[in-house]
Amino acid sequence: MNNFEFCNPTRIVFGRGTEARVGAETAVHAKKVLLHYGGGSIRSSGLFDRVVASLKGAGVEYVELGGVKPNPRLSLVHEGVRLCKEKGLGLVLAVGGGSVIDSAKAIAMGAVIDHDVWDFYLGEGEPKAALPVGTVLTIPAAGSESSTGTVITREEGLLKRAVNSDLLYPRFSILNPELAFTLPAFQVGCGAADIMAHLMERYFTTVRHVEFTDRLLEATMKTIAHKAVEVLASPRDYDAWAEFMWAGTIAHNNLLDTGRVGDWASHDMEHELSGVYDVAHGAGLAVVFPAWMKLTMPTDPARFAQWASRVWNVDTDFWTPEVTAREGIRRLEAWYHAIGLGTRLADLHIGKDRLDEMARKCTDGDRRTVGNFVKLDSKAVRRVYELAV
Ligand code: NZQ
Ligand code: ZN
């Protein structure tokens, strides 16, 4: 096991009706905030009114900025930065999913600097400060409610890039599983695929003697595999949603990669897909991950066989772990299909014409490799995309 430091400071307020606490949680940090949200879902569900009532009840003033799109855009971030600076706002409150939260984190960084926040996404400098962020989560998926990450798309050049900083852990996140009842089935599938991907990225490691976190990851993968199917069958099953939502947060709050190094190539390759084609992140991962597995499995069949056996209950072929591993990949693909996702680029209406471009962008024009379990250059990335055709 590697040395590590672990401190996740996000205060989680979990359970039925907990959005009523948002005013009190916010007031601890600021009395004037940016209320940031997406399209129509929080208005049609009535959540917007409940959040506003709670803020007012706690004496918190707010300025609204809605309109965050999935794969959140830089131009709206700029608008939020301008509002925070002009109105002297002290916290960004994100009510929504990963896209809203990521946009809020970008605004929080941009509000305290006098250059373009996009510089950080290009790797030019690191944030030294940020406004506090609070969240009310409406979809278990990205894990941004308790993560260091923010992923933003710049419209010019369709570039989707991430920043990670400890400054970006939300101060609090309100998780009420009831808020997920209104999710369309497709978004449920995408959320489950993203959570599963966060676990698999961490699972496929070259670090040895990580049995404890292996077991935690396996338990979380099994939970998501089962609960995704349950909530799709019964969208108002609070108990199933509660497990799904909490597992989704734990999957990406850095606890499960303590002492190990995750891979993350599949995320990098998917970000090119959603940057160029604006596909949902989870739907892109369901296409990229099995292809990545087919390419990399021969480098460590035993690890794949362990995953196949413990997560997907595949009978172990002790003579040929490759056989066990391949059956695990097949069961993963079958699970994606069962939760309504395709596993081929064609399912996303993506052809072969821009594979070279995406492979180049993903590796910064072959100046870097992606992934840690196996390091992929642009040729290998292209090969993964081809395996997904
Ligand atoms: O905009 P509204 O109307 O709210 O609709 C949203 C959106 O269309 C809808 N939705 C959300 N909650 C709902 C709901 N509809 C009905 N009822 C509800 N309760 O769902 C759609 C998708 O929302 P989005 O926020 O885009 O989903 P998700 O949470 O999957 O976020 C995806 C983004 O997160 C990034 C992804 O790259 C992508 O841009 N990620 C962020 C990470 C992080 N910050 O740590 C890590 C992840 O790996 C990921 O890259
Ligand atoms: Zn993800």
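Residues numbered from 1 in each chain as written. Chains lettered and ligands numbered in written order. Predicted model: local features only at pLDDT ≥ 70, side-chain atom pairs only at ≥ 80, totals over all residues. Heavy atoms only, no water.

Trainee: Tell me about the coordination of the zinc ion (ligand 2), and please be specific about residues and values.
Mentor: Listed as protein donors to the zinc ion (ligand 2) are Asp194 (OD), His198 (NE2), His267 (NE2) and His281 (NE2); their distances from the metal cover 2.0 to 2.2 Å. Between consecutive donors of the zinc ion (ligand 2), the numbers of intervening residues give the motif D-x3-H-x68-H-x13-H. Here His198 is found in helix α7 (residues 185-203), whereas its partner His281 is found in helix α11 (residues 281-296), with 83 residues between them in sequence. His281 sits in the buried class, given a relative accessible area of 17%. (Donors = N, O, S within 2.8 Å, 3.2 Å for Na, K, Ca; no water. Helix = DSSP H or I, 4+ residues; strand = E, 2+ residues; numbered from the N terminus. Buried < 20%, exposed > 50% of the residue type's maximum accessible area, 1.4 Å probe, protein only.)

Trainee: Tell me about the packing of aromatic side chains, and please be specific about residues and values.
Mentor: For the structure on display, the rule yields 17 aromatic pairs. On the basis of an interplanar angle of 75 degrees and a centroid distance of 5.5 Å, the ring pair of Tyr203 and Phe204 is categorised as edge-to-face. Considered together, Tyr203 and Phe204 belong to a single accessibility category, that of buried residues. The structure contains a cluster of three or more aromatic residues connected by ring pairs, namely Tyr203, Phe204, Phe289, Trp292, Phe304, Trp307, Trp312, Trp335, Tyr336 and Phe373. When the ring centre of Tyr203 is taken as reference, the NZ or CZ atom of Arg303 above it lies at 4.8 Å. Sitting over the face of the ring of Tyr277, Arg354 holds its NZ or CZ atom 5.9 Å from the ring centroid. (Phe/Tyr/Trp six-rings, centres within 6.5 Å; stacked < 30°, edge-to-face > 60°. Lys NZ or Arg CZ within 6 Å of the ring centre and 35° of its normal.)

Trainee: Just give me the short version of the site of ligand 1, but keep the residues and values in it.
Mentor: The full set close to ligand 1 counts 32 residues, and Gly39, Ser41, Gly98, Ser99 and Asp102 are the nearest of them. Within the backbone of Gly40, a nitrogen or oxygen atom sits 3.1 Å from an oxygen atom of ligand 1. One of the side-chain nitrogen or oxygen atoms of Ser99 is found 2.6 Å away from an oxygen atom of ligand 1. Out of a free accessible area of 960 Å², ligand 1 has 88% covered by protein chains. Residues that form the shell around ligand 1 fall into these classes: 9 nonpolar, 20 polar and 3 charged. (Near = heavy atom within 4 Å. Polar contact = N/O pair within 3.5 Å; in protein donor to acceptor, adjacent residues only side chain to side chain. Areas by Shrake-Rupley, 256 points an atom, 1.4 Å probe, with all protein chains shown as cover. Nonpolar A, V, L, I, M, F, W, Y, C, P; charged D, E, K, R; others polar.)

Trainee: Give me the domain arrangement of the protein chain: which residues, what numbers.
Mentor: According to the domain assignment, the protein chain contains domain 1 (11-178) and domain 2 (183-387). Taken over C-alpha atoms, the centre of domain 1 sits 26 Å from the centre of domain 2. Across the boundary between the two partners, domain 1 contributes 29 residues, which contact 27 residues of domain 2. A buried area of about 2,300 Å², summed over both sides, lies between domain 1 and domain 2, and 58% of it is on carbon and sulfur atoms. Along the contact surface separating domain 1 from domain 2 lie 3 salt bridges. Residue Arg161 is joined to Glu272 by a salt bridge in which the shortest nitrogen-to-oxygen separation is 3.0 Å. The set of elements that each furnish at least two residues to the side of domain 1 that touches domain 2 consists of β1 (11-14) and β7 (159-164). (Domains from an automatic or database assignment. Contact = heavy atoms within 4.5 Å. Buried area = accessible area lost by both parts, 1.4 Å probe. Salt bridge = Lys/Arg side-chain N within 4 Å of Asp/Glu carboxyl O.)

Trainee: Before we move on, could you go through the side chain of Glu333 and cite the residues and values that matter?
Mentor: Assignment of secondary structure puts Glu333 in helix α13 (residues 321-338). In this structure Glu333 comes out as buried when scored by relative accessible area, which is 13%. Polar contacts involving the side chain of Glu333 include one to the side chain of Lys294, which spans 2.9 Å. In contact with Glu333, other than residues within four places in its own chain, are Pro290, Lys294, Thr343 and Arg344.

Trainee: How would you summarise the nonpolar core if you had to cite specific residues and measurements?
Mentor: One finds Met200, Met269, Trp292, Met293, Trp307, Trp335 and Leu376 to be the most contacted residues of the largest nonpolar core, which totals 75 residues. Counting residues per element, this core draws most heavily on α7, at 10 residues. The contacts of Trp335, once residues within four sequence positions are left out, are Ala192, Ala193, Met196, Ile224, Ala225, Ala228, Val229 and Trp312. Ranked by size, the runner-up nonpolar core spans 36 residues in total, among them Leu34, Leu65, Leu89 and Ile152. (Core = buried A, V, L, I, M, F, W, Y, C linked by side-chain atoms within 4.5 Å.)

Trainee: Could you give an account of the packing of α11 against α13, with specific residues and numbers?
Mentor: Viewed as axis vectors pointing N to C, α11 and α13 meet at an angle of 175 degrees, and their least axial separation amounts to 10 Å. On the basis of the axis angle, α11 is roughly antiparallel to α13. Of α13, the residues touching α11 (which contributes Leu285, Ala286, Phe289, Pro290, Met293 and Lys294) are Ile329, Leu332, Glu333 and Tyr336. Residue composition of the contact of α11 with α13, grouped by class: 8 nonpolar, no polar and 2 charged. (Axes fitted to C-alpha atoms, helices over the stretch in contact; angles between N-to-C directions. Parallel < 35°, antiparallel > 145°, perpendicular 65-115°, else oblique.)

Trainee: If you had to explain the pairing of strand β8 (residues 172-175) to someone new, which residues and values would you point to?
Mentor: Residues Phe172 and Ile174 of β8 are buried on one face, and the alternating residues Ser173 and Leu175, pointing to the opposite face, are buried as well. Sheet topology places β1 next to β8; 4 bridges connect them, and they run parallel. Each bridged residue has a counterpart across the sheet, and for Val13 the counterpart in β8 is Ile174. In terms of strand pairing, strand β5 (residues 133-137) meets β8 through 4 bridges, oriented parallel. Note on β8: the bridge partner recorded for Gly134 is Phe172. (Pairing = 2+ DSSP bridges.)

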